[in-house]
Each structure stands twice: as C-alpha cells, then as structure tokens.
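Reading the structure
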Amino acid sequence: MQSWPSPPIPGIPGAGRQLRLYDSATGEVRPTDPGPTATMYVCGITPYDATHLGHAATYLTFDLVHRMWLDAGHQVHYVQNITDVDDPLLERANRDGVYWGKLAEREIGLFRDDMTALRVIPPADYIGAVEAVDEIAVAVRQLIDAGAAYRVPDEQYPDVYFDVTTSGHFGYESRYDEATMLHLSAERGGDPERPGKRHPLDPLLWRMARPDEPSWDSPMGPGRPGWHIECAVIAANRLGPVIDLQGGGSDLIFPHHECSAAHAEVLSGKRPFARHYTHAGMIGLDGEKMSKSRGNLVFVSRLLHQGVDPMAMRLGLLAGHYRQDRAWSDEVLVAAEERLSRWRAAAGRAGADADGVVEAMRERLADDLDTPAVMAALDAWAADDRLAGPAVAAAADALLGVRLI
Ligand code: 5CA
Ligand code: ZN
C-alpha cells in the first residue's frame, strides 16, 4: 500500500540519547537497545471511519520514538499494517450500503492526508491485510502443522483457532489475570463463548468463507485471516522474529498484542517477539474514551478543514504524557494554539546560545518521552528574550515534529 510523504527532518548538533521507554510486559521503564537499524511495528488503523485525535495521539507517540532513534544515529525500519478486512469494517460497509473495499480506500486516503499534515514520519512498509493474505495463510498452515492450531468441530464453518497453551507463557505481555483476559477478549473482538474451542481465550486464525463476506483461497479453504495473526505475520516477515518495539494504544495490550506475540513466538521459536511493548493512553472527550463505536469523535480532517493548524494539534496532544489517559477539549486546543504562537515568535530570535535547551529536550524525551517536561523547557526558552531561536526551532522540528518556522 502506498504510504505518505516524509516530512523533512533537520539535523541538529550534539549527540542523541539512548531512549528509555515503558514496557508493558515488564512494567518498567527500560532502555531501548536497537542495533544499527531499529525495528518498529505499530498497529495501523481499521479504515472504516476517519482518523480521530485518539488515533493521532497514538501515532504521534511512536513518531517521537522514531525521531529519538534517528537522533541517536540509528536507521529505523518502521512497519505499519492496515486492517483493511475485518468485522467492524464489513459491518460499517453493510450499514452504509457501500462496497467494503471502497470504504477502506476512502478512509486510508484520509488517514494518509492526516498523517502528512501532522508531519508523521511514514512507515517504510505500509501493508494492508488484503495484500498480505497469502503470507498469513502460509503462517496459519504452519501453525496447524505444528499442532498449535486446530479447527472447531463445526460442520458448516470449521474455523481455525490458535491454542494459547502452546506458547508456554501466554499472558506475559499483558500480565492480566484470566478473568480480566476473558472479559477483554469478549469486549475486543474475541469469542470466548464459541463452542468447540479448546480454551475460551483461543483466538481466531482463519475464518472460513461466509456468504456475502469477502474470502480468499488458501490451504485451509476459502476464508479470511483473523486479526492477531495479521499483525504477527506482517511484522515478522519484514522485521524478523524479534523486533525492538511493538506499539499501539492501550486498548491493544490484550488480546491483540498478547495474541500476536504468541503467534509470532510459536512460528519462530524465539521469544520475546518484541523487546518493548509500548502503549499509548486513551484520548477521551467528555469523560469517555474517543471511539468509533461510541461516536464521540473529533476528526483530524474536520479540524484541518476548520483551519486548525496541525502543529497546534500536535502540541495539544503532546502536552500530556503519552501513557496517561487524557481528555481533548477546546481548552486544550486553545492552550496549544497560544503556546505555538509564543514559540513561533521566539523561533527567529537572535540571542545567546541555547544549546542547553536542546540538550534538555533530548534528556527529557529520552526519559520515557516526557513531553510535559519538554513543553515546560520550551515555554521557559520562549519567555527568555536573551536566548536565540533557530537552534531550538530546529530541535523542535527534528525531535517533536513541530515546525515553527
Ligand atoms: N487495526 C487495529 C490494530 S491492528 C486497530 O486497533 N485499529 S483502530 O483504528 O481501532 O485503532 C488504531 C490505533 O489507534 C490503535 O493503536 C488504537 O489503540 C489507537 N486508538 C484508538 N482509539 C484511541 C483513543 N481514543 N486514544 C488513543 N489511541 C486510540
Ligand atoms: Zn495490530
């Protein structure tokens, strides 16, 4: 799938820092330790509705990771999927009487435009599930052959499921107890009640074709892939069996990242699948998580259309810490717009060397992306007429993705 254009990333003087990030699997902030090429997989959208500010916040989080790794001298191999065939997309297409492929195409186009406006560095590989069906089918077949997958005894639809016990440490990524896992599985696309499964948490790998649903030929028969195997295969086939980071919003901790890790680990025999599992908090509106199913959405494209500066959206979303669930509001936007104009006024200013400000930015970002502290450091810089502008403006661009000039 076509990605989107990269924003220019200015080089800045001085040495980058080793990034420390929270890892959901260990519950600690730990150093990331990539080789010359850092490998990052961030779960992409399910394209049935436009990009809202919650999505944007999550992609901005990993954009900062990307920028910190580049600043530290790494290449970054970044892969992102698009869940362009799945239940919610098909349901929405049915509801609206549009062809599911058209709906996906339209929403992917909007997402690209939104990411471009927000100056998010694009993935090198941007891969739709539909494009990857064959490689996913091969992996499902391998799991069956390895005894890690089985068909439910359903005469009409003998769908293929993954046996979670075969991973040997299912649950290590989320560290949730079984009751929580069961609850979240039911809430987030799983089917713990499906008769014939070996374990209620076993996730779907291959759904046999149903009438009026898209399907593809495969060694299992015509059907379509389950959700978690999609990400496991798209990631591992491009980045290798062990990656530096798997990312997404906190609603992907379980079952999605737990199951995709288990699939990838059983396929490769290597663990852990990701050295860091990093999750962004949920953005809410009016006290509720912003979500397509609740319909309480603020769309990036709508704000752009209203003339809101995308750099103000960036600042508004990054004003809070990425791990914190937080609310979007008009006040957040107004404060971000004010901050942006103060920083812009300072950006061209002549004055004394401000390298200390740039170093403070690097240091705060290296500590689990402490953007609130970075905002405070740049507010202090903007308020100090003696300090020069351009070096800090270049660092705001390179490290925060916020263009001031
Ligand atoms: N296609 C799958 C991942 S493979 C999916 O979850 N798609 S999504 O469109 O529902 O979400 C895309 C990304 O945005 C995910 O990382 C999700 O965790 C994140 N996200 C969704 N809602 C919010 C929110 N309110 N705040 C922050 N991040 C969110
Ligand atoms: Zn995913």
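Analysis parameters
Residues numbered from 1 in each chain as written. Chains lettered and ligands numbered in written order. Predicted model: local features only at pLDDT ≥ 70, side-chain atom pairs only at ≥ 80, totals over all residues. Heavy atoms only, no water. Axes fitted to C-alpha atoms, helices over the stretch in contact; angles between N-to-C directions. Helix = DSSP H or I, 4+ residues; strand = E, 2+ residues; numbered from the N terminus. Parallel < 35°, antiparallel > 145°, perpendicular 65-115°, else oblique. Left-handed = near helix turned anticlockwise from the far one by under 90°. Contact = heavy atoms within 4.5 Å. Nonpolar A, V, L, I, M, F, W, Y, C, P; charged D, E, K, R; others polar. Near = heavy atom within 4 Å. Polar contact = N/O pair within 3.5 Å; in protein donor to acceptor, adjacent residues only side chain to side chain. Areas by Shrake-Rupley, 256 points an atom, 1.4 Å probe, with all protein chains shown as cover. pLDDT = per-residue confidence, 0-100. Donors = N, O, S within 2.8 Å, 3.2 Å for Na, K, Ca; no water. Tetrahedral: all angles 85-135°; square planar, octahedral: opposite > 155°, others 65-115°.

Describing the packing of helix α1 (residues 53-71) against helix α11 (residues 355-366)
Taken N-terminus to C-terminus, the directions of α1 and α11 make an angle of 120 degrees; their axes are 11 Å apart at the nearest point. The angle between α1 and α11 places the two elements in the oblique class. As for the relative orientation of α1 and α11, their crossing is left-handed in sense. Here L64, M68 and D71 of α1 come into contact with α11, specifically with R362, L365 and A366. When grouped by side-chain class, the residues that make up the contact of α1 with α11 number four nonpolar, no polar and two charged.

Here we look at the site of ligand 1
The environment of ligand 1 is made up of 24 residues, and the closest members are G44, T58, T83, D251 and M290. Contact between ligand 1 and H55: an oxygen atom at 3.4 Å from a side-chain N or O atom of the residue. A distance of 2.7 Å separates a nitrogen atom of ligand 1 from a polar side-chain atom of T83. Starting from 610 Å² of accessible surface for ligand 1 in isolation, the protein chains cover 94%. Listed by contribution, the elements that provide at least two residues to the shell around ligand 1 are α1, α6 (227-239) and β10 (243-249). Per-element accounting of the shell around ligand 1 gives the leading share, four residues, to α1. Broken down by class, the residue content of the shell around ligand 1 amounts to nine nonpolar, 12 polar and three charged.

Remarks on the confidence of the model for the chain
In the predicted model, the chain carries a mean pLDDT of 97, and the fraction of residues at 70 or more is 100%. Element-level pLDDT for the chain is lowest in strand β13 (residues 288-289), with a mean of 78, against a maximum mean of 99 in strand β3 (residues 37-42).

Here we look at the coordination of the zinc ion (ligand 2)
When a metal holds four donors in a tetrahedron, each ideal angle between them is 109.5 degrees; when it holds six in an octahedron, the ideal angles are 90 or 180 degrees. The coordination sphere of the zinc ion (ligand 2), as far as protein atoms go, consists of C43 (SG), C231 (SG) and H256 (NE2), spread over 2.1 to 2.2 Å. Classification of the site at the zinc ion (ligand 2) rests on its four donor atoms, whose angles at the metal span 102 to 119 degrees, yielding the label tetrahedral. Counting along the primary sequence, the residues that act as donors to the zinc ion (ligand 2) give the motif C-x187-C-x24-H. Linking C43 in the loop between β3 and α1 with C231 in helix α6, this pair joins segments that are 188 residues apart in sequence.

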